[in-house]
Amino acid sequence: MDVTALRRRSKELGFTPQDQVRWLSPVELARTAVTAGLGSLFADYTDRRETQAALPATPLSVPADPDGGVWWDYMADTGDGFDPTYTMVSLLAAPRVDVLPPDGVPAGSAAARPVSLPRGRALVLGGDEVYPVSSTSNYEDRLKSLMRAAWEPGALAPGEREPAVYALPGNHDWYDGLTAFLRVFAQRRMVGGWRSEQTRSYFAVRLPAKWWLVGVDTQLGTYLDGPQLEYFRRNLSAHLEPGDAVVVCAPTPTWVHTAEDDPDAFNSLHFFEREVVRCHTDDDGRTTPTGASVRLWLTGDRHHYARYAEQIDDLPPRQLVTCGLGGAYLAETHRLPERLVLPAPGSKMASPDEPADFDLVARWPDAPLSRRLVRGLLGGPPHGLAFRNPGLWRLLGGVHAVALLLQAFVLGLVQRSNPVLVLRNASPRDALDLGWQTAVWLAVAVAVAVLLPLLRGRAPRRPGEVLLAVVLQLVVSSASFAAVLAVPWPTGWPDWVVLGVAFGATVLVTGLVACEALAVYILVARNHTVASWQMSAQSVEDYKGFLRIRVDADGRLTLYPLAVTTVCRDWDVVAVDGAATHQPGVHARPVPAGGLPAVRLVEPPVVVER
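Keep in mind the model is a prediction, meaning the values are calculated, not measured. (Residues numbered from 1 in each chain as written. Predicted model: local features only at pLDDT ≥ 70, side-chain atom pairs only at ≥ 80, totals over all residues. Heavy atoms only, no water.)

Another point: the pattern of salt bridges. Overall, the coordinates contain 31 salt bridges when judged by the stated rule. Close ionic contact of R363 with E338 constitutes a salt bridge, the shortest N to O distance being 2.9 Å. Residue R363 is found in strand β18 (residues 356–364), and its partner E338 is found in the loop between β16 (319–323) and β17 (339–342); the two are separated by 25 residues along the sequence. We classify R363 as partly exposed; its relative accessible area is 22%. Residue E338 is classed as partly exposed on the basis of its relative accessible area, which comes to 45%. Connected via shared salt-bridge partners are D65, D67, R121, R550 and D552. (Salt bridge = Lys/Arg side-chain N within 4 Å of Asp/Glu carboxyl O. Helix = DSSP H or I, 4+ residues; strand = E, 2+ residues; numbered from the N terminus. Buried < 20%, exposed > 50% of the residue type's maximum accessible area, 1.4 Å probe, protein only.)

Right, here's the structure in full:
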């Protein structure tokens, strides 16, 4: 059964499975825009991080396995549609995952052998735990209940403790000021089958073999607050020793932003590395070096896999890894910068370190597949713009239907006729003449807007890209009007039937054509926000993954980037004893009808030396 069928059994499941968010649905787009705007506007006034200083901050740690090492998992951008999110958390909850080698590995080689990786003792959720906006109900239906249902009864051995979960808020978790996030992840309660241990929106966790796991909360990408810095100085810097290595989890890949549009984007994280990890400042203000260093940066926010490795001679390279494949729509990779320089040239960072070069060494999906997926926006189901966002189809169709009536009314004034007689008797040439006149007036308006600054002694204003979108829609509107006028309407049809059929056909047909015109604009746009719609508008559910990470007793960290090309969409429902699972009222859980999908390494395991 699919998600719709599962939803009818929500009472048995204890939650309501949700569809993937349709980001260009007019209602969703407007609601998210308002929420994001209010969240950004009031973030500084409702910053819950300042009040978190009053919460307890007990030391956190992940115990070692009997061999002295530990396995742990990292997943980001979860809590979207049921199919991808539940597929991912089911793989995380499985006792072991059998992993196929990466594509292109020669058959018969050692790297071509499948490996079996055990479940992690801890799970890090790297940001944007729920979509489209944070709320108690969204956390329940899109993530928390899924993390509970994914665990098979008896999945833990007798005496085995539940794995821990540490969560970092992303921008979607911040839209309500962290209210729902703190209720779910900072109460030291069970989150599904995982045990929450943090009490704040950030954390520092001691791992075996002189490794540390750190999550920093930069509050919508702005800064690190004073109480948070004090927390890290007391719970991280004060305990670091020479040779310690740190994994820093951040909400966004600010290192990529430095090469795109903001050379200062990485400043906060660079400050954290320099002033908190590499130095310790005591209560008297004395600063001493710790001898520790950040070896691995992890983030999500962008829904793909990308790894940048430091280009340095004779020393183990640092790694910058983005893995936002936990459930949200897939993002493109072919526009990623090939090289990063950190700190970035032009950065305002005071006393920056010597610049270091990082090269893009791996990405998934690869660039050719990324380009092919982007072009899916311009086409039919399942990912074409109109078919993935039917509300947008209806909206544009309605707008063009109103434009049809306005054009008929204007042409009626010219021909001294009523709009319905215009539809019956006017010719397509009349529509084209009206369209040309409209184009002339638009050109005059644009010329005035462009040249008006000259009167004030300023340079002419450059027309924005949105002008292309307007022109495309005007062309569609004129062509649609001409097509309606070309119809030989039967004389026996009443006027209201002619008007209704013309209106309905415009909504249905012209709405589809208008969506295709909008898709063309999105595909050629250079504006970063509009270009991001190329994939968000498609809400691609497939191509998901997470990181399984091993820290050995000798201090070597190995990162396994795991991915599936197709998520589960067919589910069975099996009965469970809610009392036995401590979930009263829950009588069933979904399971994949054909088993979980095959898991493959994105690239060979990545070794990070301490």
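Moving on to helix α18 (residues 495–524). In this model α18 runs 42 Å from its N-terminal to its C-terminal C-alpha over 30 residues, within 8% of the 44 Å that 1.5 Å per residue would give. Of all the bends found along α18, the most pronounced is centred on T510 and spans about 30 degrees. The set of residues buried in α18 consists of V498, A502, T506, T510, G511, A514, C515, A517, L518, A519, Y521 and I522. Buried residues belonging to α18 abut α13 (385–388), α14 (390–415), α15 (419–425), α17 (466–485), α19 (528–531) and α20 (533–536). (Expected span 1.5 Å × (residues − 1). Bend = angle between axes of the 7 residues up to and from the residue. Contact = heavy atoms within 4.5 Å.)

A few words now on the packing of aromatic side chains. Under the counting rule described, the total for this entry stands at 21 aromatic pairs. Consider the rings of F82 and W571, whose centres lie 5.2 Å apart with planes at 70 degrees: the pair is edge-to-face. On the criterion of sequence distance, the pair formed by F82 in helix α5 (residues 82–93) and W571 in strand β21 (residues 571–575) is long-range, its members being 489 residues apart. The exposure class assigned to W571 is buried, which follows from its relative accessible area of 0%. On the basis of an interplanar angle of 80 degrees and a centroid distance of 6.1 Å, the ring pair of Y139 and F185 is categorised as edge-to-face. (Phe/Tyr/Trp six-rings, centres within 6.5 Å; stacked < 30°, edge-to-face > 60°.)

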